[in-house]
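Structural features, examined
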Amino acid sequence: MTETTQTPPIVVAALYKFVTLNDFEALREPLRQRMIDNGVKGTLLLAKEGINGTVAGTREGIDGLLTWLTADPRLSDIDHKESYCDETPFYRTKVKLKKEIVTLGVPDIDPNDTVGTYVEPEDWNDVISDPDVLVIDTRNDYEVAIGSFERAIDPKTTTFREFPEYVREHYNPEKHKKVAMFCTGGIRCEKASSFMLKEGFEEVYHLKGGVLNYLEKVPEEQSLWRGECFVFDNRVTVRHDLSEGEHEQCHACRMPISLDDMQSSAYEPGISCPHCIDSLPEKTRAAARERQRQIELAKARGEPHPLGYNHRKGNRANT
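Note that the structure is a prediction, hence the values are computed from the model and not measured.

Brief notes about the pairing of strand β1 (residues 10-18)
In terms of burial, β1 is a largely internal element, 9 of the 9 residues being buried. In β1, alternate side chains face the same way, and those of Ile10, Val12, Ala14, Tyr16 and Phe18 on one face and Val11, Ala13, Leu15 and Lys17 on the other are all buried. Summarising the sheet, β1 and strand β4 (residues 79-85) pair through 7 bridges and their orientation is antiparallel. Paired with Val12 across the strands is Ser83, a residue of β4. Sheet analysis places β1 next to strand β3 (residues 50-57), joined by 8 bridges and oriented antiparallel. Following the sheet pairing, Lys17 is matched in β3 by Ile51.

Right, dumping it as structure tokens:
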């Protein structure tokens, strides 16, 4: 009887750290080379305020990268969360230099200086069940539409840059004494909590490690999470057990699409979906058709293929 060998799963590691990196530009090439040496793909962002990104590789490859990162005393306690999939969710290896590792667009917001109170996943249900606590989902509208926590408010923002204006227009530190926020991996809320404290809000809480940490630590039967969680890689969404979800992604606009969306007459793989059928100009749609043709050719050859067009930003979407 022939034994079947099972291919070890791909490790997907989401990592970040707010820490002052005055030499971040000089770190770019050594970091990129270390990723290549370990067969790790994905995108990492470097800025003076720290590092952020999601990468994927074998167990040995991810461990090798983390060993290199944590050898730097500034990154010795870098936050990272892992999940698994059968195929690599990234096609390329990138290290990008940025002004911010998560873009809020407000000067002098530094989580290294001031940050809200961390809440462990095991304690999160008690916090957000308190009727005196204002619960805000800091993610973008298309992420919230797929899944969120009970009682959470959707700011309906399309980018994180819109968050400060939303808060200033809707909430008053004198009235809203307790605020709890969450995001996918925890990084956005670090900066959001720092901003809200600077705005005068007194008690600001945020979910440590974000939704992904909560899904990993809290049993599904005790969970207050509803739906799937959007992730910034080719898995698109994950379920409560962190397995790959049911959503796909429109290669024309990069929006997540459900099974119902894919049954719509507006859906044409790589060309359009219900989210972009009326918003993409014909020139862009023609480019999408050609890109889809290249994607199918690349898949047939087993090669990386180009990402889709992000109609919100007017360029390719970041992973």
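There is more to say after this.
Points about the nonpolar core
Counting 25 residues, the largest nonpolar core has Phe163, Met181, Phe195 and Met196 as the members making the most contacts within it. Elements with a minimum of two residues in this core: β1, β7 (133-137), α5 (163-170), β9 (178-182) and α6 (187-198). Among the elements that line this core, the one with the most residues is α6, at 5 residues. The residues touching Phe163, leaving out its near neighbours within four places in the chain, are Ile136, Thr138, Thr157, Met181, Ala192, Phe195 and Met196.

Here we look at the side chain of Asn213
Relative to the elements of secondary structure, Asn213 occurs in helix α7 (residues 210-217). Among residues more than four places away in sequence, those in contact with Asn213 are Lys81, Pro121 and Lys208.

Re the packing of helix α3 (residues 121-129) against α7
Close contact between α3 and α7 brings their axes to 8 Å; oriented N to C, the two are set at 105 degrees. It follows from the interaxial angle that α3 and α7 lie roughly perpendicular. Contacts between α3 and α7 involve Pro121, Glu122, Trp124 and Asn125 on the former and, on the latter, Asn213, Tyr214 and Lys217.

A word on the packing of aromatic side chains
The tally for this structure, following the rule as stated, stands at 10 aromatic pairs. Taking 5.0 Å as the distance between ring centres and 80 degrees as the angle between the ring planes, the aromatic pair formed by Phe149 and Trp225 counts as edge-to-face. In this pair, Phe149 sits in strand β8 (residues 147-149) while Trp225 sits in strand β11 (residues 225-227), placing the two residues 76 residues apart along the sequence. For the residue pair Phe149 and Trp225, the accessibility class agrees, reading buried in each case. Through a chain of ring-to-ring contacts, three or more aromatic side chains come together here, namely Trp124, Phe149, Phe182, Tyr214 and Trp225.

Points about the confidence of the model for the protein
Residues with a pLDDT of 70 or more make up 92% of the protein, whose mean pLDDT is 88. Averaged pLDDT values over the elements of the protein bottom out at 34 in strand β17 (residues 315-316) and peak at 98 in helix α1 (residues 24-37). Below pLDDT 50 for its whole length, residues 308-319 participates in 40 contacts with residues either more than four positions away or in separate chains.

Scoring rules and cut-offs
- Residues numbered from 1 in each chain as written.
- Predicted model: local features only at pLDDT ≥ 70, side-chain atom pairs only at ≥ 80, totals over all residues.
- Heavy atoms only, no water.
- Buried < 20%, exposed > 50% of the residue type's maximum accessible area, 1.4 Å probe, protein only.
- Helix = DSSP H or I, 4+ residues; strand = E, 2+ residues; numbered from the N terminus.
- Pairing = 2+ DSSP bridges.
- Core = buried A, V, L, I, M, F, W, Y, C linked by side-chain atoms within 4.5 Å.
- Contact = heavy atoms within 4.5 Å.
- Axes fitted to C-alpha atoms, helices over the stretch in contact; angles between N-to-C directions.
- Parallel < 35°, antiparallel > 145°, perpendicular 65-115°, else oblique.
- Phe/Tyr/Trp six-rings, centres within 6.5 Å; stacked < 30°, edge-to-face > 60°.
- pLDDT = per-residue confidence, 0-100.

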